Amino acid sequence: MALFTPIQTGKAVLHRYLDLEQPDDKIIAEYIWIDGSGENVRGKARTLEAGVKSPEELPWWNFDGSSTEQADTKNSDVYLKPVAIFRDPFRGGKNILVLCETYNHEKKPIPSNKRHTCAEVMKKAAAAVPWFGIEQEYSILDRDGYPLEWPKGGYPRPQGPYYCSVGADRAYGRDIMDAHYKACLYAGVKIAGTNGEVMASQWEFQVGPSEGIDGGDHLWVARYLLHRVAEEFGALVTFDPKPITGNWNGAGAHTNYSTKEMREEGGLKHIEEAIAKLSKRHDAHIRMYDPRGGEDNKRRLTGRHETSSINDFSSGVASRAASIRIPRQVSEDGNGYLEDRRPASNCDPYAVTEMIVRTTVLNEQ
C-alpha cells in the first residue's frame, strides 16, 4: 500500500503566481546557453533593472560548468556573455530571454561555443549578405521516451497519412506545435512556418530567412522554446536524426542558403558555382553536420527515406534524394537559393552555417 500520493504540479496553480503584479522597475532575465553536449540548452534566471535595450547592457554571469560537461570541478566557473535578447512568452510582461555565449576563466570561448567563430566568419562574409532558412524537424515523445500516441511497444499505421495531416488519428501533438508557433512569434523568433512530417508524431518548423549569425541565434532560441512548451504539456521533444529504426523517416535540419548574387537576376549561375564548391568538401561538411562528427547522420543518410547517401555527394533540381536540392521554382526563375539536405536535426546551426559560408564565400579548400 502506498504511504503517500505523488505530487503533481499544476499549471492552473502556477498562473495564479505568474499573474501577480511585478514591480515596474524589475525584470526577470532567463539566461540560456548551449551545454557541453552541443545539443541541449540550459537556463537560469536573475532579477535585473528594467529598461534593458541591448545585450551589451546586460551583465556577464556564470554557472557551474562541471555540471554541464563544460569544465572540471576544480575550475568549474564558466562565464555567460549575453549576445541576443528575446521576449519571454512564459513569464510575459517585460521579462526577457537572454541567449549567451560561453567563456572560460580567461574569458576565451570554450570548445562548445560554436557561435564565436561563426560570428567572425559572418563578419568576413558580410558583403555577400548570406541568408539562411533552416527547416527544423523534431519528434514528440511521451514521458517514457516512446513517440507520442504510438501504441506502447508497437507501431501506428505505416508512413503515408501523417505528412501535413489533419485529424486526431494522424496529427499527433498538434497542440504542442501550435503553442510553440505562437511562443516563437511572441518572443521575436523569425519563425516562417510549420507542418506535420512524414513519420507519425514528427513535426517541422522553419526559421528564417535570417542574415548571418541570426540564423543560428533564432534556431537555438526556437529549440529552447519548443522544449519549454513541451514541458508545459508533460511531453518530451527529441532532435535525434533517427529516433525510430526501420521503415520510418529520420529528421533533418535542411538548410536553405543564398547570397545576394544568388538572389539577383541570373543568380542560378552562382548557385551552381556554390554547389561545385560544396561537392569538393563533402566529407568536411558531413563532420560538421551533427554533434558526433557524422556518426549520427550515418543512421539517417542512407539513400532511403528522402535522403542521399552519406558517402556520396549529389545535387539535382527538385530531388529530395540529393545532397543539395535546387527547388523547381528556383530553376524556372533562374535565381533564388539552394537547399543543403545533409545537416542532421541535432546539428549545431552555428557550425553548419559557418561551414557553408567558409566553403562558398571564403573559398576555403
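Above this text you will find the structure in question.
Residues numbered from 1 in each chain as written. Predicted model: local features only at pLDDT ≥ 70, side-chain atom pairs only at ≥ 80, totals over all residues. Heavy atoms only, no water.

Novice: I'm lost on the overall build of the protein in this one. Help?
Specialist: When its secondary structure is counted, the protein shows ten helices and 13 strands. Over its C-alpha atoms the protein spans a radius of gyration of 21 Å, differing by no more than 12% from the 21 Å that the globule rule assigns to 365 residues. Based on the C-alpha atoms only, the size of the protein along its principal axes is roughly 65 × 50 × 40 Å. Here the protein, with 365 residues, has 51% of them falling under the buried criterion. (Helix = DSSP H or I, 4+ residues; strand = E, 2+ residues; numbered from the N terminus. Rg over C-alpha atoms; globule rule 2.2 N^0.38 Å. Buried < 20%, exposed > 50% of the residue type's maximum accessible area, 1.4 Å probe, protein only.)

Novice: Quick question: what am I supposed to make of unusual backbone geometry here?
Specialist: With the exception of glycine, most residues fall at negative phi, and the peptide bonds are largely trans. A cis geometry characterises the amide bond from Gly208 onward to Pro209, with omega recorded as 0 degrees. As for its placement among the helices and strands, Pro209 is situated in strand β8 (residues 202-211). Positive phi, normally seen in glycine, also occurs at Glu149, with a value near 65 degrees. Turning to its location among the elements, Glu149 is positioned in the loop between β6 (131-141) and α3 (174-187).

Novice: What exactly am I supposed to notice about the packing of aromatic side chains here?
Specialist: Geometry of an aromatic ring pair is reported as the spacing of the ring centres plus the angle between the planes. On inspection of all chains with the given rule, the structure shows eleven aromatic pairs. Grouped by ring-pair contacts, the aromatic residues Tyr146, Trp150, Tyr155 and Trp248 constitute a single cluster. Sitting above the plane of the Trp61 ring, Arg46 keeps its charged end 4.7 Å from the centroid. Across the ring face of Phe239, the terminal group of Arg223 is positioned such that the distance to the ring centre comes to 5.2 Å. (Phe/Tyr/Trp six-rings, centres within 6.5 Å; stacked < 30°, edge-to-face > 60°. Lys NZ or Arg CZ within 6 Å of the ring centre and 35° of its normal.)

Novice: Explanation requested: the state of the cysteines in the structure shown.
Specialist: By definition, a disulfide links the sulfur atoms of two cysteine residues through a covalent bond. One pass over the structure, following the stated rule, counts zero disulfides. Left unpaired, Cys347 is separated from the closest cysteine sulfur, that of Cys118, by 11 Å. According to the relative accessible area criterion, Cys347 is buried, its value standing at 2%. (Disulfide = S-S within 2.5 Å.)

Novice: Got a minute to help me understand the side chain of Arg281 in this structure?
Specialist: Within the secondary structure, Arg281 is located in the loop between α6 (268-279) and α7 (282-288). In this structure Arg281 is buried but unpaired, with Glu364 as the nearest side chain of opposite charge at 4.3 Å. With sequence-adjacent residues up to four places away left out, Arg281 is seen in contact with Met355, Arg358, Thr359, Glu364 and Gln365. (Lys, Arg positive; Asp, Glu negative; His and termini not counted. Salt bridge = Lys/Arg side-chain N within 4 Å of Asp/Glu carboxyl O. Contact = heavy atoms within 4.5 Å.)

Novice: What's the story with the sheet that holds strand β2 (residues 41-49) in this structure? I'm lost.
Specialist: In a beta sheet, neighbouring strands are held together by backbone hydrogen bonds and run either parallel or antiparallel to one another. In spatial order, the strands read β2-β1-β5-β4-β3; together these five strands make up an open sheet with mixed pairing. Every interior strand has two partners, whereas the edge strands, β2 and β3 (61-64), have only one. Pairwise comparison of adjacent strand axes, ignoring direction, gives a mean angle of 40 degrees for this sheet. Bridge count for strand β1 (residues 26-34) against strand β5 (residues 96-103) is four bridges, and the pairing is parallel. By the bridge assignment for β5, Glu30 is matched with Leu97. (Pairing = 2+ DSSP bridges. Axes fitted to C-alpha atoms, helices over the stretch in contact; angles between N-to-C directions.)

Novice: Please explain the nonpolar core as it appears in this structure.
Specialist: When a protein is soluble and globular, its nonpolar side chains tend to lie buried together. Core analysis: the largest hydrophobic core is formed by 60 residues, its most contacted members being Tyr138, Val189, Phe205, Leu225, Ile271 and Leu338. When residues in this core are grouped by element, the largest group, nine residues, is from helix α4 (residues 214-232). Core analysis: the next-biggest nonpolar cluster, separate from the first, contains 14 residues, Tyr31, Trp33, Phe63 and Leu80 among them. (Core = buried A, V, L, I, M, F, W, Y, C linked by side-chain atoms within 4.5 Å.)

Novice: It is not clear to me how the pairing of β5 should be interpreted in this structure. Could you clarify?
Specialist: Side chains on a regular strand alternate between the two faces of the sheet. Counting buried positions along β5 gives eight out of eight residues, so the element sits mostly inside the fold. Going residue by residue along β5, you find Ile96, Val98, Cys100 and Thr102 tucked away on one face and Leu97, Leu99, Glu101 and Tyr103 tucked away on the opposite face as well.

Novice: Would you take a moment to explain the pattern of salt bridges for this structure?
Specialist: Note that side chains of opposite charge can pair when their charged atoms are close. Here the structure, examined in full by the defined rule, presents 25 salt bridges. Taking the shortest distance from any N to any O, the salt bridge between Arg115 and Glu101 comes out at 2.8 Å. Remark: Glu101 occurs in strand β5 and Arg115 occurs in helix α2 (residues 115-124); sequence separation between them is 14 residues. Like Glu101, Arg115 is buried. Among the salt bridges present, the one from Lys152 reaches Asp142, with a minimum N-O distance of 2.5 Å. Taken together, the residues span a long stretch of sequence, with Lys152 in the loop between β6 and α3 and Asp142 in the loop between β6 and α3 at a distance of ten residues. Through salt bridges with shared partners, a single ionic network connects Glu39, Asp240, Arg292, Asp296 and Arg299.

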